[in-house]
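# Chain and residue survey
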Amino acid sequence: MKKTVFIVLLLSAVSSIAGDAFCNWWPHQTPAAMPTGLTQFMTFTFPEDFRPAGTLKMTIAFPVGIEFLDFPTAWTNPTKPDIFAVPFPPQTAVPSAVEQRGDALVLQFPAGSFEKSPLTFLPLILKVATPPDDYTVAVTAQDANGVRHETELALKIYPPLSGERCKRPLIVWNFQGLDEKHLPVYMTALTAAGVNALYEMREETPNRKSAADFQEQYNTLHGTAFFAERIPRHFADNGLPPELAGRTDIVFDTAYMVDHPAVMEAFVKHYIDFLTDGKNFSAVVYDAERGAFKARGTRIVGDLTPYSLNRFAARFALAETPTPEIITEKYRSEWVQYNCELTRDFASGVAAVMKKYFPDRAFEIYSGYEYDNSIDKGLSKIQYAVDWNLMGGCGLDTASFGYFVQPSLLRRTADAMRGKLTVIPAEMYAETFNTVSDAERMSVGRFTIRLIECCLATYNRGIQIWMGPLMHGGALIAVDRCNRFVNLTCDFISDATGVEPQTICSISPRDAIRECYAFRKNGKTMLVFLNTRSTDRRLRVKITDTNAKILTDVITGENSPVPPLLTLRLEPYAYAVYIVE
C-alpha cells in the first residue's frame, strides 16, 4: 500500500506554480530508504538553477511517525578545512525560523539561501517511528514573489535494524568533526547496523570530542590513519621532537627515515601521539598510496629529494644521479621497484616502533588491490608503490584495499596474502556529498549485495566502508543486511578453503555459476548463491559430489537428504546458503 501525505498552503492570488522537481534526496536514489525505530540523518538537495526570489517559506510534510529533531552541525579541522563531516557548509541552506506543525516541518529561509553551486544541501536529524511501507514526502516552497514550487519524493520505510554486533571487523571510515551533541545519534545508528569500529582519516584535535570519545558507551574500537610523507612534513613544519632537538642534518623524507632508525623511531612515536591526542586507539593504519607514477604512469611521484635520488642511484649502481625527468625516460621500472621496496622498508620500521611503544595497537596497511590482469597489470606497484608480495613479512596485522573492483581481483589479493596477513576489503558508498550520480550502485539492494560479494571474495573476515559521515538510512540498511550475512556464515568461511563451485554442483541457468561461491572445511562444503539482479532469479542446482548425503539450509536450519534437484527462487539482491556433507 502506498501512502501519501499532503499539506495545503494558502497562496496569494498572484502566486504561480513552478512545475519543476526543485528538490531531491541525497544521494539521488529513489525511493529514499529509512529504517523505522531509529533517529537518523536525512538530507535534501536543491539544484543550482533553483533560485527563489527573496525570502522562502518551505514546508516538508512527512508521514506520520517522523519527527524533526535538529539540524546536524560540525566543526572544521584547520589543517584540513576542505573535509567535512556534514554536507559542505558553504553549500548548506540555514533556515532563520523553524516550526513543527504536526507531521509538517515549516522552514523560513533568508534571501540568497539557495544560490549555491552545484547543489544546495538541507540536512536534518529525524526520529523515525513510521510503520514499514511505501510513502511520499510532499515538499512545497513559496518565494517572496508568490512563486510556488512543489514536488513529491518517494520514501520507503524498512523494518528496524537488527542491532546485532558483527562477529568480524565491520569498520566505517569516519570524517571527524560532527559536533559532540550529534555524535550519539551517529554512533547509535552505526552500531545498530552492526558497525563495531570507526577509523579516522585525520588527527584528533585537542579539546574536541570525536567518535573515539564514545567508545566505552558503544563498545567500539577505533583506528587512525596516516600517510608516510606527512610524518616528516609534520616535524619540518612544527619542529623536531625533544630527543632530536638541535639536529640540522635531518632530511624530511621517507627514504632518510628508513636509513636512520633513530630518527624514524622518534618521528613515528611522536607522530602517533599527535594523531591520537591521548585517546584510546586500537589500530594505526598506514595509508600507502604515494606511488611511483600517477596519472597512468605519466607523472613521477615519490621521494624526489636529492637524498632519495642519490639513494636510488646507489641502489641500481647508476653512474650518476638521475633527475626525475631522466628517471621517467630511462628508469621507470627501477623507480617502481625502488618505491615498492621503500614502502616495505618503511612499513617494517613503523612496525618495530609500534611493537616497542604501542604493543596493544594493531598495525594495518591500506592500499590498492593487486592489479594483475590485462592493461592494469602491475598498476598497484606503479600507482601505489605497493608490491603485495613484499608486504607479508613487514610486521603488519591486516591488509585492506578496494573499492569498485571485480570480486575476482579481491580474491587474487586475498590469496596473495593468505597465511601472511588478514585481509579486510574496503568498499565505498559515496566519496563526497557531491556524489549524487550512479545511484543504482547506492540502492539498498545493490549496495547490500556488493558488500556481501566483497566479504565472500576475501573469506568473510570483515569489511571496511568509506563515507561514514551522515550515513543515511539506505546505507545503514545495506550495512545491516551485510552484517547479518557475515554473522550467519563467517564461522564456517573464515578459515575454510575456497574451491570452484563447479566441483560441487552444476547450476541452470549456466551463467549463475559466476554468482556462486563454495568453501570447504572438515569434509563439508558451504555453497552461497547470490542474486545480483533487480529481478527475481530461479535456479536449478544439482549437487554433483557423489559423496554428499545431507543438505542443510543455513538460513532456516532445516536439513534433509540431498535432493536430485534443488530449485531456488531468489528475490532481487537476495542469497541462499547451504552446507553439503
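Residues numbered from 1 in each chain as written. Predicted model: local features only at pLDDT ≥ 70, side-chain atom pairs only at ≥ 80, totals over all residues. Heavy atoms only, no water.

We now examine the state of the cysteines. This structure, assessed with the given rule, holds 0 disulfides. The thiol of Cys394 is unpaired, and the distance to the nearest cysteine sulfur, on Cys340, comes to 11 Å. Judged by its relative accessible area of 3%, Cys394 falls in the buried class. (Disulfide = S-S within 2.5 Å. Buried < 20%, exposed > 50% of the residue type's maximum accessible area, 1.4 Å probe, protein only.)

Summed over the entire model, instances satisfying the criterion amount to 2 cavities of 30 Å³ or more. Considered as a void within the structure, the largest cavity measures approximately 130 Å³ in volume. Listed by contribution, the elements that provide at least two residues to the lining of the largest cavity are strand S16 (283–287) and helix H8 (332–357). Among the elements that make up the lining of the largest cavity, the one with the highest residue count is H8 (4 residues). There is about 40 Å³ of room inside the second largest cavity. In terms of lining residues, the second largest cavity is bounded by Ala85, Asn174, Leu178, Leu183, Tyr186, Pro469 and Leu470. (1 Å grid on protein atoms, 1.4 Å probe; cavity = no way out; pocket = protein on both sides within 12 Å on 5 of 7 lines; lining within 4 Å. Points joined across faces, edges and corners; volume = space filled by probe spheres on them. Helix = DSSP H or I, 4+ residues; strand = E, 2+ residues; numbered from the N terminus.)

The omega torsion across Trp26 and Pro27 is -15°, close enough to zero to call that bond cis. Relative to the elements of secondary structure, Pro27 occurs in the loop between strand S3 (24–26) and strand S4 (32–35). Cis rather than trans, the peptide bond between Ser508 and Pro509 has omega equal to 0°. Relative to the helices and strands, Pro509 resides in the loop between strand S24 (505–508) and strand S25 (516–521). Its identity is not glycine, yet Asn219 carries a phi of approximately 55°, on the positive side. With respect to the helices and strands, the residue Asn219 is situated in the loop between helix H2 (215–218) and strand S15 (221–226). Despite not being glycine, Tyr573 shows a phi value in the positive range, around 55°. One can find Tyr573 in the loop between strand S30 (566–570) and strand S31 (575–580). Looking at Tyr573, the relative accessible area reads 16%, which means it is buried.

The side-chain alternation of S30 yields one buried face, formed by Leu566, Leu568 and Leu570, and one unburied face, formed by Thr567 and Arg569. With 5 bridges connecting them, strand S27 (residues 537–543) and S30 associate as antiparallel partners. When the sheet's bridge partners are listed, Arg537 is paired in S30 with Leu570. (Pairing = 2+ DSSP bridges.)

So far we have only geometry, and geometry alone does not tell us how the molecule works.
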